[in-house]
Structure formats: C-alpha cells, structure tokens
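Results of the structural survey
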Amino acid sequence: MNAKSQLIFHHHGMTTPELPGASSQQTAPHQQPQFPPMPPNYGPPGASGPQEYAKAKKQRNVIGLVALIAAIVGFIFACIPGALIIGWVLLPIAFILAIVSLFLKDKAKGMGITALILSIVGTIVGFAVFFSVVTASAKDAFGGGDTKVSAPTAEAGSGAPAAEQAGAKTGTRENPSPIGSVVESKDWRVVVNSVTLAATDKVVAANQFNDPPAAGSEYILVNYSATYIGKDANGQTPSFVSVDYVTADGKTVDRFDHSVVAPDAIDSNTLYNGGTATGNIAIQVPTATADQGVLAVRPGMIADKVFVAVK
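Summary of the structure given here. Think of each chain on its own: its residues are numbered from 1, step by step along the sequence as written. In keeping with the predicted nature of the model, local features appear solely for residues at pLDDT of at least 70, side-chain atom pairs appear and are counted solely at 80 or more, and the whole-chain, interface and lining totals rest on all residues. The basis for every side-chain value is the complete set of heavy atoms in the structure, and neither hydrogens nor water enter the calculation.

Thoughts on the pairing of strand S9 (residues 306–309)
Between buried and exposed lies partly exposed: a residue is buried under 20% and exposed over 50% of the maximum accessible area for its type, with that area taken using a 1.4 Å probe on protein chains only. A run of H or I in DSSP becomes a helix once it reaches four residues, and a run of E becomes a strand once it reaches two; helices and strands are each numbered from the N terminus. The two faces of S9 match: Val306 and Val308 on one face and Phe307 and Ala309 on the other face are all buried. Of the strand pairs in this sheet, strand S8 (residues 294–299) and S9 are connected by four bridges, and their pairing is antiparallel. Counterpart to Val294 in the pairing with S9 is Ala309. Strand pairing requires that DSSP identify at least two bridges connecting the strands.

Remarks on the packing of helix H3 (residues 62–78) against helix H4 (residues 84–102)
Axes here refer to lines fitted to C-alpha atoms; in helices the fit is confined to the stretch in contact. Angles between the N-to-C directions go from 0 to 180 degrees. Their axes nearest at 7 Å, the elements H3 and H4 cross at an angle of 155°. Between H3 and H4, the angle falls in the class roughly antiparallel. Crossing handedness for the pair H3 and H4: left-handed. For the pair H3 and H4, the contacting residues are Ile63, Gly64, Val66, Ala67, Ala70, Ala71, Val73, Gly74, Phe75, Phe77 and Ala78 in the first and Leu84, Ile86, Gly87, Leu90, Leu91, Ala94, Leu97, Ala98, Val100 and Ser101 in the second. Asp, Glu, Lys and Arg are counted as charged, while Ala, Val, Leu, Ile, Met, Phe, Trp, Tyr, Cys and Pro are counted as nonpolar; the rest, among them Gly, fall into the polar class. In terms of residue class, the contact of H3 with H4 is built from 17 nonpolar, four polar and no charged. When an angle is under 35 degrees it counts as roughly parallel; over 145 it counts as roughly antiparallel; between 65 and 115 it counts as roughly perpendicular; any other value is oblique. Less than a right angle of anticlockwise turn of the near helix away from the far helix marks a crossing as left-handed, whereas a clockwise turn marks it as right-handed. We call two residues contacting when some pair of their heavy atoms lies within 4.5 Å.

Focus on the sheet that holds strand S7 (residues 276–286)
One open sheet holds the five strands; their spatial order is S1-S2-S3-S4-S7, and the pairing between them is antiparallel. Each edge of the open sheet carries a strand with a single partner, namely strand S1 (148–150) and S7. Across the sheet, the mean angle from the axis of one strand to that of its neighbour is 25°, orientation sign disregarded. The pairing of strand S3 (residues 188–196) with strand S4 (residues 217–228) spans eight bridges and is classified as antiparallel. Within S4, the position partnered with Arg189 by the bridge is Thr227.

As for the side chain of Glu184
Residue placement: Glu184 occurs in strand S2 (residues 182–184). In this structure Glu184 touches Asp146, Thr147, Lys148, Arg189, Ile229 and Pro299, once residues within four positions along its chain are discounted.

Quick look at H4
In a regular helix each residue adds 1.5 Å, so 19 residues correspond to 27 Å; H4 covers 27 Å between its end C-alpha atoms and thus fits that length. Residues of H4 that are buried: Leu84, Gly87, Leu91, Ala94, Ala98 and Ser101. The buried residues of H4 occupy an angular sector of 105° when the element is viewed end-on, so they sit on one face. Projecting away from the buried face of H4 at angles above 90 degrees are the exposed residues Ile85 and Ile96. By this rule, a helix spans an expected 1.5 Å times one less than how many residues it contains. To be clear, the arc concerns the directions from the helix axis to the C-beta atoms.

Considering the pairing of S4
Consecutive side chains of a regular strand alternate in pointing toward one face of the sheet and then the other. Burial analysis of S4 places eleven of its twelve residues in the buried class, which makes it a mostly covered element. Direction of pairing for S4 relative to S7: antiparallel, over a ladder of eleven bridges. Looking at S7, one finds that Tyr224 is bridged to Gly279.

Overview of the nonpolar core
In terms of nonpolar packing, the biggest core is built from 27 residues, with Val192, Val222, Tyr224, Tyr245, Ile283 and Leu295 touching the most fellow members. Of all the secondary structure elements, the ones that give two or more residues to this core are S3, S4, strand S5 (241–246), S7, S8 and S9. The greatest single-element share of this core, amounting to five residues, is contributed by S4. Beyond its immediate sequence surroundings of up to four residues, Val192 is in contact with Ile179, Gly180, Ser181, Val222, Asn223, Tyr224, Leu295, Val297 and Val308. For the purposes of this section, nonpolar cores are sets of buried Ala, Val, Leu, Ile, Met, Phe, Trp, Tyr and Cys residues that join through side-chain atoms within 4.5 Å.

Focus: the environment of Glu184
Overall, Glu184 belongs to the buried group, its relative accessible area being 15%. On a C-alpha basis, the gap between Glu184 and Val149 in space is 6.4 Å, while along the polypeptide they are 35 residues apart.

A few points about the pattern of salt bridges
By definition here, a salt bridge exists when the distance from a side-chain nitrogen of Lys or Arg to a carboxyl oxygen of Asp or Glu is within 4 Å. Enumeration according to the criterion identifies two salt bridges in this entry. We note a salt bridge from Glu184 to Arg189, for which the minimum N-O separation is 3.0 Å. With its nearest N and O atoms 3.4 Å apart, the salt bridge here joins Lys311 to Asp291. Within this pair, whereas Lys311 is found in the segment after S9, its partner Asp291 is found in the loop between S7 and S8, the two being separated by 20 residues in sequence. A residue is classified by how much of its surface remains accessible, and Lys311, at 69% relative accessible area, is exposed.

Concerning the sheet that holds S8
Here four strands make up an open sheet; going across it, the order is S6-S5-S8-S9 and the pairing antiparallel. Each edge of the open sheet is held by one strand with a lone partner, namely strand S6 (252–253) and S9. In terms of strand pairing, S5 meets S8 through six bridges, oriented antiparallel. Bridging across to S8, Val246 finds its partner in Val294.

Set out below in structure tokens:
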C-alpha cells in the first residue's frame with residue numbers, strides 16, 4: 001500500500017490493513033508511548049517503599065491515651081479535699097500505664113510523657129492538700145492558735161467573758177497578763193484565779209507520798225478554772241489545758257517534773273460544752289526567784305501560750 005492510501009485510511013479512522021509480509025514490530029503512529037514503571041523507592045527519605053513509609057509514621061498509643069485521661073482525672077480529684085482518695089487511686093495507675101506506653105514499639109510517645117508528668121505533679125499536689133486538711137482538722141480538734149486575752153472579770157474564776165484589754169499588748173513574757181485574766185481559744189476558756197507562793201507545807205501535808213522540794217526550791221499552788229466551750233459531742237478533758245511555770249532566767253518548769261498531789265487538785269474528768277473544772281496544781285520552783293517568774297497558760301493542746309503574772 002502506498003503512502004497516499006495509508007493517509008486516506010488514517011483520515012477516516014480506519015486502521016491500516018496488515019499486508020502479508022509486514023513486520024509485526026511496526027507501531028501505529030497514534031499509539032501512546034509506554035513509560036517504564038516507577039521505581040519502588042519513592043516516599044520520604046529513609047523509607048524504601050510504601051510499607052516502610054507507613055511504618056515511619058508513628059501509630060496512636062492507646063495505652064498512653066488511657067494513662068493521660070487517668071492522670072488528668074486523678075490530678076483534678078487530688079486537688080479536692082473530700083475526694084483525695086480517688087486521686088490517689090488514679091494517679092499511680094496513670095503513672096504505671098505511662099511507663100508502659102513509653103516502651104511500646106512504633107507508638108507515639110507524647111501522651112505517655114504528658115501522663116507521666118501529670119501523675120508525678122498530681123501526687124505532689126495531693127500530698128500538699130492532704131497535709132493542709134490534716135492541719136486544719138488538728139486545729140479544729142484541739143482549739144487552734146486563735147488564743148486571745150481579756151481583762152480580769154469582777155469575779156475571778158467565774159468563767160464569764162470579759163472585754164479585750166486595751167493599751168500595750170499583754171500576755172507576753174515581758175508584759176504578762178494579771179491574775180484573773182481570761183485566756184480563751186476556740187475550745188477552752190482558762191482563768192488563773194490565784195497563785196500561792198511558799199506553799200510547801202500545804203503541799204507536803206496534802207498527801208503522805210508527797211516528797212519535800214529539793215534544796216533551794218519550794219512548792220507554789222496555782223488555782224485556775226478551765227471551761228470547755230467547744231462543740232465536740234464527746235467532750236474533752238481539762239488535761240488539754242496546760243499551766244506551767246517559767247523561771248526568771250527563762251527555763252520552763254513543767255508541773256509534772258516533780259509530780260505531787262495538790263490539795264483540792266483540779267478534776268481531770270471529761271467536760272462538755274459549758275462545763276467548768278476548778279482546782280489547784282502544785283509546781284516546784286526556785287525559792288529565791290519564785291515571785292519573779294510567770295505562768296505559761298495554753299488553752300488547748302496546740303493553742304498559743306499566754307503568760308500570766310504570779311502576783
């Protein structure tokens with residue numbers, strides 16, 4: 001077939017007929033060229049193929065997600081005083097899960113690291129909240145540190161409230177409150193009614209087992225009233241109140257340092273709201289400076305001390 005006939009067939013969309021002896025390797029003019037296949041090593045650097053590229057992208061870490069959720073919830077509950085126990089249960093769980101999630105192969109590590117940090121910080125916050133709650137509870141139970149001093153009442157030991165003392169601050173060791181002052185905390189009201197110096201004969205005669213004082217010392221008798229004004233349904237004993245002697249050179253003499261039975265000793269039975277116990281305690285003090293010391297009155301186990309003169 002000549003070139004003109006081929007052009008006519010091609011113009012009318014017909015294929016050129018194969019002639020005997022025509023080469024099978026001849027390619028039609030309109031056929032698209034064939035490109036070689038794409039090499040398998042495409043994708044990001046370091047990935048040798050599609051499968052390697054998929055592995056290069058870290059998969060979601062389910063355990064890390066669970067650890068993060070537990071850490072967040074535990075942290076929140078650790079900040080709530082009434083729900084501390086929930087936080088203390090969730091935070092250790094979050095900590096363990098976070099550690100596990102960090103060792104999983106081909107898993108994202110971000111949530112695990114965040115959960116680990118939150119669990120540690122939440123535990124620290126939880127302990128801080130716990131100790132603040134314990135401290136507040138102790139203050140509520142033992143009277144706290146809100147001690148105040150009022151001027152003596154007309155009748156010492158009556159237990160009636162009195163007006164606050166005016167002028168210079170009293171109740172310090174340098175400026176002790178006078179006898180009859182009302183020393184009051186949240187739970188106790190204490191009034192020192194009287195102090196009897198040189199009371200050795202009375203104390204020794206009060207009980208056959210009372211030993212005489214050491215050389216250069218004498219017994220004094222301190223009479224005081226302790227009124228329970230707290231709200232504990234189980235009450236408290238007057239032993240929660242302490243009255244000690246501080247010498248002129250600043251040494252504290254505890255009334256139990258030389259234990260003796262005082263005449264008309266104060267009762268230690270449990271008191272309830274409004275109940276009052278009145279009586280004596282005996283303290284052994286240096287004779288030469290007995291009248292130069294002061295009394296340290298504490299109206300509750302952790303209440304502030306107030307100093308009261310002995311004369």
